[in-house]
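# Coordinates in review
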Amino acid sequence: MESTLIVPVILSGGSGTRLWPLSRSAYPKQFIPLMDDNSLFQATFARVAKLPDSTDALVVCNEEHRFMVAEQVRKLDKKCLAIMLEPVGRNTAPAIACAALYALQQNQDALIMVTPSDHIISDLSRFSESMEKGIEAAKNGGLVTFGVVPDKPETGYGYIRKDEDNQHLGTYQVAEFVEKPDLQTAIKYLDSGEYLWNSGMFVFQAQLYLQELKKFQPEMVKAVTSAFEKQSVDLDFIRLDKEAFLACPSESIDYAVMEKTEKSMVVPMDAGWSDIGSWSALSDAAVTDSEDDNVFLGDVLAKDVTNSYLRSENRMIAGIGLDGLVVVETADAVLVADKSRSQDVKEIVDRLKVSGRYEPFTHVRVYRPWGRYETVDECARFKVKRIVVNPGASLSLQKHNHRAEHWVVVKGTARIINGTEEKLLTEDQSTYIPIGTLHRLENPGLIPLEIVEVQTGSYLGEDDIERFSDDYGRHVPDTEPKSIRKTV
């Protein structure tokens, strides 16, 4: 058949709970280099860029992660077709519908290939083979999903039963979608050979998806269309209309369309897939460092350790006589868990949230569109930060009503507005920003600017920022919990 335009769609949501403490809601797992120097998001972006006859990828994410998406794509030296921002989470069916509407603007016959951003696929050759089958089936009017060939009785995934009597060129009609089973049922599924893990990846004609969605969820299509038509463009981002999107029902594509349509098809895929749904799953996917089935990352010293995952981000981990454990160290939290209980991390995160603590939401290192900062020390009436500003980037023109700031340049060159004065500071030079003074920090150089900031005052929260000008369209101050409790 003649070539058809394919629009890759990357869904980049995530709450950052399953790989806590490394993953947080402000920095979920898809943006973290878990396996190598690239993040899962970057690996996904590079993977779909190789699809035949495809555009650049369209990314759908929430507003909080927009600059992280843009920066990670920039580091790949690639471009997005667009970055679409959801005002609120409404599950996958509405997000894919918005992507389909955008794809139709590119070409009325366009296919969209939908994938989550946080999966591992190790065998790219087999992945491509499965995609080719799915694309051909989609061209012929199928709503195609990809089912992972199971290699164990997994209870953490939904399943798809393929219709063995109704297949063509390796693509099957879907007999049924099945919820996550118990262990005995999962064993039966595995033994039957009829069941596949639900991967959450799809390919279909954009127009056909919207037609089928309208059959089963007309109110969803109405709300999504309104939100899309009332969109606004902000820098490189497409903002869906918030009021219209809030009226949209929340539903997954499986429930909204795939389980109801007569056009659902499935392509079996055996390509080293994992959704990295737990520390145990990540350990299984990683290359072991020894014959003892261990994974050691960072500064780790071990004796008589077997079948364990030890990861150090800042300080040394020393382990003796461990078996089947996960130990993950970050600057502000340490997780120690039995591998078989690693799915229970979410319960710890829920307890932290109920306690009003910041650890489920952010790290001590926080990423911003201009660079990053991390809190080095904090006590009553003072806070010390290390700030890194990317080349050519600048913070907003702002003032604080409750704190003063002392800046010391330790690397690079800083252009500083301090009240009515503008000046350049280089290494070992400093300045003082009094309370209530209008100020701005900019990096005019070609290397990252690093400064040490000492804050003093009666209130040091991140919401004590009044912005007057911002290169990134931020009109509302970022917030964080005002109190940090030290017990769960």
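### Overview of the overall build of the protein
Helix and strand counts for the protein stand at 11 helices and 30 strands. Here the protein has a C-alpha radius of gyration of 25 Å; the compact-globule value for 488 residues is 23 Å, and the two agree. Dimensions of the protein along its principal axes, counting C-alpha atoms only, are 75 × 60 × 40 Å. Burial statistics for the protein: of 488 residues in total, 52% are counted as buried. If you take every contact in the protein between residues at least 6 apart in sequence, the share linking residues at least 24 apart comes to 69%. For the protein, the computed accessible surface area is about 22,600 Å², with 47% contributed by carbon and sulfur atoms.

### Thoughts on the sheet that holds strand β14 (residues 295-297)
Strands sit in the order β14-β16-β18-β19 across an open sheet of four strands; the sheet is mixed. In the strand order of this sheet, the two ends are held by β14 and β19 (334-338), each with one partner. Shown here is a sheet whose adjacent strand axes are inclined to one another by a mean of 5 degrees, direction ignored. Direction of pairing for β14 relative to strand β16 (residues 309-312): parallel, over a ladder of three bridges. The residue of β16 that forms the bridge with Phe296 is Leu310.

### Quick notes on the nonpolar core
The nonpolar side chains of a soluble globular protein tend to be buried, and buried together. Met113, Trp279 and Leu441 are the most contacted members of the largest nonpolar core, which has 82 residues in total. A total of five residues in this core trace back to one element, the largest contributor, which is helix α4 (residues 124-139). Those residues within four positions of Met113 in sequence are excluded, and the remaining contacts are Ile6, Val7, Pro8, Val9, Val48, Leu51, Phe127, Met131, Met201, Phe202 and Val203. Listed in part, the 50 residues of the second largest apolar core include Ala97, Cys98, Ala99 and Met220.

### Quick look at the sheet that holds strand β27 (residues 430-433)
The strand order across the open sheet formed by six strands is β20-β21-β22-β29-β24-β27, and the pairing between neighbours is antiparallel. Pairing within the sheet leaves two strands with one partner each, and these edge strands are β20 (365-368) and β27. On average, adjacent strands in this sheet sit at an angle of 20 degrees to one another, irrespective of strand direction. Looking at chain direction, strand β24 (residues 403-411) and strand β29 (residues 449-457) are connected through eight bridges and run antiparallel. Following the sheet pairing, Val409 is matched in β29 by Ile451.

### Focus on the environment of Phe177
Mapping Phe177 onto the fold places it in strand β8 (residues 171-178). When its relative accessible area of 15% is taken as the criterion, Phe177 is described as buried. Along the chain, Phe177 and Lys383 lie 206 residues apart, while their C-alpha atoms are 53 Å from each other.

### Considering the pairing of strand β6 (residues 143-148)
Taking burial as the measure, the six residues of β6 include six buried ones, the bulk of the element. Burial of β6 is two-sided: the residues Leu143, Thr145 and Gly147 facing one way and the residues Val144, Phe146 and Val148 facing the other way are all buried. Here β6 pairs with strand β12 (residues 264-269) via six bridges, running parallel. Each residue of the ladder has a partner; that of Val144, found in β12, is Met265. Here β6 runs beside strand β9 (residues 195-205); their pairing, made up of four bridges, is antiparallel. The residue bridging Val148 from the neighbouring strand is Trp197, located in β9.

### Here's the deal with the confidence of the model for the protein
Summing up the model confidence of the protein, the mean pLDDT is 92 and the portion of residues at 70 or higher is 96%. A low-confidence stretch, residues 476-488 (pLDDT under 50), is modelled with 27 contacts involving residues beyond four sequence positions or located in other chains.

### A closer look at the pairing of strand β18 (residues 325-329)
Across the five residues that make up β18, a large majority, five, are buried. Burial along β18 is two-sided: the residues Leu325, Val327 and Glu329 and Val326 and Val328 are all buried. Of the pairings in the sheet, the one linking β16 to β18 comprises four bridges and is parallel in character. Following the sheet pairing, Leu310 is matched in β18 by Val327. In terms of strand pairing, β18 meets β19 through five bridges, oriented antiparallel.

The rules behind these values
Numbering of residues starts from 1 in every chain and runs along the sequence as written. Two thresholds apply to this predicted model, a pLDDT of at least 70 for residue-level local features and 80 or more for giving and counting side-chain atom pairs, whereas whole-chain, interface and lining totals are computed over all residues. Water and hydrogen atoms were dropped before computing side-chain values, which therefore reflect all heavy atoms in the structure. Under the DSSP-based scheme used, a helix requires at least four consecutive residues in state H or I and a strand at least two consecutive residues in state E, with every element numbered from the N terminus. Here the radius of gyration uses the C-alpha set of atoms, whereas the globule reference equals 2.2 Å times the residue count to the power 0.38. The cut-offs for exposure are 20% and 50% of the maximum accessible area for each residue type, with area from a 1.4 Å probe on protein chains only; residues under the lower value are buried, those over the upper are exposed, and the others partly exposed. The contact definition used throughout considers only heavy atoms, calling two residues in contact when any of these lie within 4.5 Å. Every accessible area reported is derived by Shrake-Rupley at a probe size of 1.4 Å, with residue values counting cover from the shown protein chains alone. Paired strands are those between which DSSP finds at least two bridges. Axis lines are fitted to C-alpha atoms, over the contacting stretch for helices. Their N-to-C directions set the angle, which ranges from 0 to 180 degrees. Only buried residues count toward a nonpolar core, which is a set of Ala, Val, Leu, Ile, Met, Phe, Trp, Tyr and Cys residues joined through side-chain atoms within 4.5 Å. Across the chain, each position has a pLDDT score giving the predictor's confidence in that residue, from 0 to 100.

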